[in-house]
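# Breakdown of the fold
Spelled out, the chains give:
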Amino acid sequence: MPLDMAKSILVTGGAGYIGSHTVLQLLLGGFRAIVVDNLDNSSEEAIRRVGEIAGESRENLTFYKVDLRDKGALNKIFSSTKIDAVIHFAGLKAVGESVQNPLLYYDNNFVSTLTLLEVMASHGCKKLVFSSSATVYGSPKVVPCTEEFPLVAMSPYGRTKLVIEEMCRDIYHADSEWSIILLRYFNPVGAHPSGHIGEDPRGYPNNLMPFVQQVAVGRRSALTVFGNDYSTTDGTGVRDYIHVVDLADGHISALRKIFEDAETGCEVYNLGTGKGTSVLEMVAAFEKASGKKIPLVIAGRRPGDSEILYGSTIKAEKELKWKAKYTIEDMCQDQWNWASKNPYGYGSPGSTNYK
Ligand code: NAD
Ligand code: UDP
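Residues numbered from 1 in each chain as written. Chains lettered and ligands numbered in written order. Predicted model: local features only at pLDDT ≥ 70, side-chain atom pairs only at ≥ 80, totals over all residues. Heavy atoms only, no water.

- You'll find the protein chain entered in an unreviewed UniProt entry as UDP-glucose 4-epimerase, with Ananas comosus given as the organism.
- Quoted verbatim from the Catalytic activity (unreviewed entry) field of the UniProt record, the comment on the protein chain reads "UDP-alpha-D-glucose = UDP-alpha-D-galactose".
- Per UniProt, the protein chain carries the Cofactor (unreviewed entry) text "NAD(+)". (UniProt positions renumbered as here; feature names shortened; annotations may be inferred.)

## Details of the site of ligand 1
- By nearness alone, 28 residues border ligand 1, and Asp 37, Asn 41, Ser 42, Phe 89 and Tyr 157 come closest of all.
- Contacts to ligand 1 include Tyr 17, whose backbone N or O atom sits 2.8 Å from an oxygen atom.
- In this structure, Lys 93 approaches ligand 1 through a side-chain N or O atom, which is 2.8 Å from an oxygen atom.
- Protein chains bury 96% of the 820 Å² of accessible surface belonging to ligand 1 in isolation.
- For the shell around ligand 1, the secondary structure elements donating two or more residues are helix H1 (17-28), strand E5 (127-133) and helix H6 (156-174).
- In terms of residue count, the dominant contributor to the shell around ligand 1 is E5 (3 residues).
- When grouped by side-chain class, the residues that make up the shell around ligand 1 number 12 nonpolar, 10 polar and 6 charged. (Near = heavy atom within 4 Å. Polar contact = N/O pair within 3.5 Å; in protein donor to acceptor, adjacent residues only side chain to side chain. Areas by Shrake-Rupley, 256 points an atom, 1.4 Å probe, with all protein chains shown as cover. Helix = DSSP H or I, 4+ residues; strand = E, 2+ residues; numbered from the N terminus. Nonpolar A, V, L, I, M, F, W, Y, C, P; charged D, E, K, R; others polar.)

## Quick look at the packing of aromatic side chains
- The full count for this structure, using the stated rule, is 5 aromatic pairs.
- Pairing Tyr 137 with Phe 186 gives two aromatic rings, centres 6.3 Å apart and planes at 20 degrees, and the pair type is stacked. Of the two residues, Tyr 137 sits in the loop between E5 and H6 while Phe 186 sits in the loop between strand E6 (179-185) and strand E7 (187-189), which places them 49 residues apart along the sequence. Across the pair, Phe 186 and Tyr 137 agree in class, each one buried.
- With a centroid separation of 5.1 Å and 55 degrees between ring planes, the pair formed by Trp 338 and Tyr 346 is classed as tilted. With respect to burial, Trp 338 and Tyr 346 carry one shared label: buried. (Phe/Tyr/Trp six-rings, centres within 6.5 Å; stacked < 30°, edge-to-face > 60°. Buried < 20%, exposed > 50% of the residue type's maximum accessible area, 1.4 Å probe, protein only.)

## Quick look at the site of ligand 2
- For ligand 2, the set of nearby residues contains 14 residues, the closest of which are Leu 208, Thr 224, Arg 239, Arg 302 and Asp 305.
- For ligand 2, an oxygen atom lies 2.7 Å from a polar atom in the side chain of Arg 302.
- Contact with the protein chains covers 88% of the free accessible surface of ligand 2, which is 510 Å².
- In terms of residue count, the dominant contributor to the shell around ligand 2 is strand E8 (residues 223-226) (4 residues).
- When its residues are assigned to classes, the shell around ligand 2 shows 6 nonpolar, 5 polar and 3 charged.

In structure tokens form, the structure reads like this:
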């Protein structure tokens, strides 16, 4: 049931993978979505397709091609529309790149968040949902990770997430009118069941499933498995994969809490399934869903990788009344549906989206 037809949600990074799926769920849930994205790692085609799937609700979708560090442009948007809350996805997310070029990450991820929060405060908009990451748990000694686990930055990327989390806690302590929900995502995969929107990384895919998908459509010859000597059932790394539509729905639940519970404060929630799946199990599930063989090359461990990472979902279930419902089979089915319909994502073999 729509929460409130009139609520306007500004979605930074809304043209990206998780953002586009969340914008769709917002529109279908009766919200207005104002997307701000510089299209650094995305395509306007994603926004067009979200509108298409949303049908009549597309009239509640607005897109601004704006960089978040452009304070003047952000101010203009907040002046022209009353924003009720912000979901902040925008950021760069390649761990390796952040190690090579930390200044880029501090500028793009941290400065843009600082600018956004300043503009929000000056317009009296004090409701925020922020994309944090399970990377802040580092390599925990035990799993599942609960929200109380000690936090650690494994890379400049992870450090931007940690610092922004801390900044949000400071802001709330200074001014209790803020309501902030920090969502620590585990591993989003899959695509909308329509197959019209999905993940379309620019350049070389860093994450497992985008890589598997590109092997399946013939863009890459084999998947390199990073390590088969971990203490896991088959020796490969274990992660908590979550369907991107479940993840998107988690944001709607977070917003619902922010709007309905004046005591929200600044809270953090894991968004995962609570289950671990190994690399080889993921590959087997994808092969089954697609009917494609994924050739493997076994290589050494990727530096900085943890062995087993999955999260406890108890807090989100209890307080956000949200629980992931899609299975690994659904994730692989929907990933393949998207990949087979869009082997080059939103682009074509010759476009800049494809390297
Ligand atoms: P994505 O790259 O698909 O989306 C991010 C979007 O932000 C892109 O559309 C990009 O163009 C935009 N953007 C980047 N910098 C910007 C700026 N300065 N101004 C305006 N727009 C800008 O990534 P995603 O997978 O959808 O991730 C969304 C968020 O979730 C990110 O903050 C990411 O760190 C976080 N996260 C992602 C994962 C994952 O595995 N995908 C896991 C944990 C956390
Ligand atoms: N992985 C792999 N080959 C790849 C990409 C990833 O074997 O090309 C493994 C990686 O070592 C980890 C799992 O797949 O065990 C998930 O990796 P991803 O980068 O998707 O997520 P993260 O490690 O950030 O949780």
